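# Fold and contact review
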Amino acid sequence: MIADPLLTHAAADYLFREAELLDGRRWEEWDALFAEDGMYWVPLRHDQQDPFNHASLFYEDAILRDVRRRRLEEKHAWSQQPVTRTAHIVGNVRIVAQDGAGLRVRSAFQITEWRQGRDQRQLAGHYTHDLVGAGPDDWRIALKRVDLINCDGIQDPYEVFL
Amino acid sequence: MTDDMLAALVRPDKVHKRVYTDPAIFDLEMERIFGQAWIYVGHASQVPKPGDYWTALIGREPVVMVRDRDGAIRVLYNRCPHKGAKLVADGCGHAGPLFRCPYHAWTFTLDGRLRGVPFRQGYADTGFSLDDPEFSMRPVARVAERRGFVFCSLAEDGPGLEDYLGGALASIDNFADRAPEGEVEVAGGVMRVMQQSNWKIFFENLNDTGHPQATHESSFAAARRTVREKLGGKTPFQLHIIEGNGEPNSFWESLELRCYDHGHSYMDAIFNAPTDAISLEYRDQLVAAHGAERAQAILSMNRHNTIIYPSCSPHTGFQQLRVIRPVSIDRTLVEIFTFRLKGTSDAFFQRTISYTNIVNSPSSTVMVDDVEVYRRCQEGMASDGGDWISQHRMAGHDTPFEGGVLGAGISEVPMRNQFRAWSAYMGPANIGKAAA
Ligand code: FES
Ligand SMILES: [Fe+2]
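What counts, and where the lines are drawn
Residues numbered from 1 in each chain as written. Chains lettered and ligands numbered in written order. Predicted model: local features only at pLDDT ≥ 70, side-chain atom pairs only at ≥ 80, totals over all residues. Heavy atoms only, no water. Helix = DSSP H or I, 4+ residues; strand = E, 2+ residues; numbered from the N terminus. Rg over C-alpha atoms; globule rule 2.2 N^0.38 Å. Buried < 20%, exposed > 50% of the residue type's maximum accessible area, 1.4 Å probe, protein only. Contact = heavy atoms within 4.5 Å. Areas by Shrake-Rupley, 256 points an atom, 1.4 Å probe, with all protein chains shown as cover. Axes fitted to C-alpha atoms, helices over the stretch in contact; angles between N-to-C directions. Parallel < 35°, antiparallel > 145°, perpendicular 65-115°, else oblique. Nonpolar A, V, L, I, M, F, W, Y, C, P; charged D, E, K, R; others polar. Disulfide = S-S within 2.5 Å. UniProt positions renumbered as here; feature names shortened; annotations may be inferred. Pairing = 2+ DSSP bridges. Salt bridge = Lys/Arg side-chain N within 4 Å of Asp/Glu carboxyl O. Phe/Tyr/Trp six-rings, centres within 6.5 Å; stacked < 30°, edge-to-face > 60°. Buried area = accessible area lost by both parts, 1.4 Å probe. Polar contact = N/O pair within 3.5 Å; in protein donor to acceptor, adjacent residues only side chain to side chain.

The next subject is the overall build of chain B. Looking only at helices and strands, chain B has 15 helices and 21 strands in total. Relative to the globule expectation of 22 Å for 436 residues, the C-alpha radius of gyration of chain B, 23 Å, shows essentially globular dimensions. C-alpha atoms of chain B, sized along the principal axes, occupy 80 × 55 × 40 Å. The buried share among the 436 residues of chain B stands at 55%. Partitioning the contacts of chain B with sequence separation of at least 6, the portion at a separation of at least 24 is 65%. Here chain B displays about 17500 Å² of accessible surface, and carbon together with sulfur accounts for 51% of that area.

If you want it as structure tokens, here you go:
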């Protein structure tokens, strides 16, 4: 489908803003982008059908996101000494579905991630955002699915939201 | 390194840092420990049909576990006897009726015997023979299975699997007994996490009751703040399993640490059986299958991590199995499997999935701090700041029993017990005993 270019532009802007909040470690503002029952999901395998009958790298509701963001700020979060720094690049933004309730946006991402004293690492994959709400000012994330290209590979720990 | 030098690295209450930092010692461990002990390979449910295979690393040896035509499970070195190519790709798959090498198409029956080679005429009068085992895939020396859990030993002799496991055998039995149908199956995928530390550091942490309060403070403190500020004081299941590490000293001191010969041990469970609807339904299923008394006995064997030295650790309460594959002196791969108890509901299995997502995933807010401190140990040990690693906590207070030693709550007896096994394997009696 070819979406309204202005809407595509607004969706891209929304994703760029989200990336900015993540890079800025502004977890609370980031979390506020989610709908009340919004979910954050990073599958463990390609084409994973559901997060219930198969393990995932992340599957977090508002409560678990709240614990993660609070832990990142804890004084004795040993693995955040020093903190993780990231730079997100989001591209290829496309609206792939749209109906009265909202829209589905697909994009590709690259994240450069670094902690002092550790190797810098590159992460890449695809985002699928299910956005609900009447218009760009009102959009909330019902589901953010992050498909890492190496989701089923050997992993180093993940600390921050991707 | 002479045997006297090796022996001097382990004292009753401390060990020399070289056991974690010297690559020559890692080489010896691969030969004398991983070349002899019973090492976990995989679970029978991963190869349900003839021709299904699963690959694993036994020390440094890549092996393939395969279901043979007669239903038996074979464990073969994943190596073609022609030019040495690995016959199957890492992971799982289906070989069909025969293994077929990707390089020159030699074929092998599922027990590894050479079945055919192309260009047969070229082998006339060369000393090559289809029947010569030199041209077949080599089977590992010994394979044994317990309730579907498959172990192998690369050494011809040594104790049998059951004698080797001693009191840890009950953890495997209990794992399967917890299923109403008495059987478990691997389900839900496998996670793989690389740790920048020696494999022994991971094992020592599993029954280290002294670390949770310190290491996991960030996650249980965050969980408590969420409970207080967002949930009106109610702790849901997901936060309960994070919060467990924040119990007070008196709790950790009250736990039993039971150690067995050959390095195995377990600690008492740190979670009581939940009493929500899903858990109660499960309990009813178990009672229906086994009767009330037997069901109670099964559930009351509530062990937290069991250490099956030196290759895996089952967590029976949440149906997890962590498999430890040493890669080098300072790198360790941990594979995390979840199991379904046959005869239980999807909702019950989803609890298992939830536990692995929250506690064992590479994104776990609990485990990241473990992995961080392991790495700091590895980096600190390499320094000139000192030579010895202390294992003094409650040293000299261990109570021996037939087949093992018992320690209380915060004792470092599981570590001392592991080094007792380590010394026995690495000692002079074992030199040259590993399979060639
Ligand atoms: S290497 Fe296997 S057939 Fe040649
Ligand atoms: Fe821990």
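As a further point, take the packing of helix 6 (residues 199-206) of chain B against helix 15 (residues 413-426) of chain B. Residues and elements named next belong to chain B. Interaxial distance between helix 6 and helix 15 falls to 9 Å at its minimum, and their mutual angle equals 140 degrees. For the element pair helix 6 / helix 15, the angle class is oblique. Taken together, the residues of helix 15 that come into contact with helix 6 (itself represented by K200, F203 and E204) are M415, Q418, F419 and W422. Among the residues forming the contact of helix 6 with helix 15, the class breakdown is 4 nonpolar, 1 polar and 2 charged.

This brings us to the state of the cysteines. Per the counting criterion, the structure on display carries 0 disulfides over all chains. Cysteine B:C92 shares no disulfide, and the gap to the nearest cysteine sulfur, in A:C151, comes to 14 Å.

Attention shifts here to the UniProt feature "domain: Rieske" (unreviewed entry) in chain B. Per the UniProt annotation, the sites labelled "domain: Rieske" (unreviewed entry) are residues 38-152 of chain B. Structurally, residues 38-152 of chain B comprises 0% helix and 37% strand, and the distance from its first C-alpha atom to its last is 5 Å.

Residue and element names in this part refer to chain B. Summarising the sheet, strand 10 (residues 142-146) and strand 11 (residues 149-153) pair through 5 bridges and their orientation is antiparallel. Its bridge partner being in strand 11, E145 is matched across the sheet by V150. If you look at the hairpin formed by strand 10 and strand 11, you'll find 2 residues sitting between the two strands, and R147 has a positive phi there, around 50 degrees.

Let us now look at the sheet that holds strand 14 (residues 265-268) of chain B. Residue and element names in this part refer to chain B. One open sheet holds the 5 strands; their spatial order is 15-14-13-21-20, and the pairing between them is antiparallel. In this open sheet, the two edge strands, each paired with only one partner strand, are strand 15 (303-307) and strand 20 (399-401). Averaged over all pairs of adjacent strands, the angle between their axes in this sheet comes to 20 degrees, without regard to strand direction. Here 5 bridges tie strand 13 (residues 256-260) to strand 21 (residues 404-408), and the two strands are oriented antiparallel to one another. Counted as the bridge partner of E256 is A408 from strand 21.

In the structure shown here, the tally under the stated rule is 48 salt bridges over all chains. With a shortest N-O distance of 2.6 Å, B:E29 and B:K200 are connected by a salt bridge. Highlighted residues: B:E29 in helix 3 (residues 23-32) and B:K200 in helix 6, separated in sequence by 171 residues. Taking the relative accessible area as the measure of exposure, B:E29 reaches 0% and is therefore buried. Its relative accessible area of 1% is what places B:K200 among the buried residues. When the shortest N-O distance is used, the salt bridge between B:K49 and B:D52 registers 3.8 Å. Connected through shared salt-bridge partners, A:E28, A:D66, A:R69, A:R70, B:E229 and B:K230 make up one network.

With that settled, the discussion passes to the packing of aromatic side chains. By the definition in use, this model includes 35 aromatic pairs over all chains. On the basis of an interplanar angle of 80 degrees and a centroid distance of 5.9 Å, the ring pair of A:Y14 and A:W139 is categorised as edge-to-face. Here A:Y14, found in helix 1 (residues 5-23), pairs with A:W139, found in the loop between strand 5 (121-132) and strand 6 (140-148); they are 125 residues apart in sequence, far enough to count as distant. As far as the burial class goes, A:Y14 and A:W139 line up, both buried. Here B:Y40 and B:F151 contribute two aromatic rings whose centre-to-centre distance is 5.4 Å and whose plane-to-plane angle is 70 degrees, an arrangement assigned as edge-to-face. Here B:F151 lies in strand 11 and B:Y40 lies in strand 2 (residues 39-43), a separation of 111 residues in the sequence. Each member of the pair, B:Y40 together with B:F151, is buried. Among the aromatic residues, those joined into a cluster by ring pairs are A:W27, A:W30, A:F34, A:Y40, A:F58, A:Y158 and A:F161.

Let's shift gears to the interface of chain A and chain B. The partner chain B presents 45 residues to the 35 residues of chain A that form the contact. In total, about 3300 Å² of surface goes out of reach between chain A and chain B, with carbon and sulfur atoms giving 53% of it. Linking chain A with chain B are 7 salt bridges, by the criterion used here. For the pair chain A and chain B, the interface holds 27 residue pairs in polar contact (both at pLDDT 80 or more). Looking at the side of chain A that touches chain B, the elements with two or more residues in it are strand 2 (56-60) and helix 3 (62-73) of chain A. Here the element with the most residues in the side of chain A that touches chain B is helix 3 of chain A; it accounts for 7 residues. Looking at the side of chain A that touches chain B residue by residue, the class counts come to 15 nonpolar, 9 polar and 11 charged.

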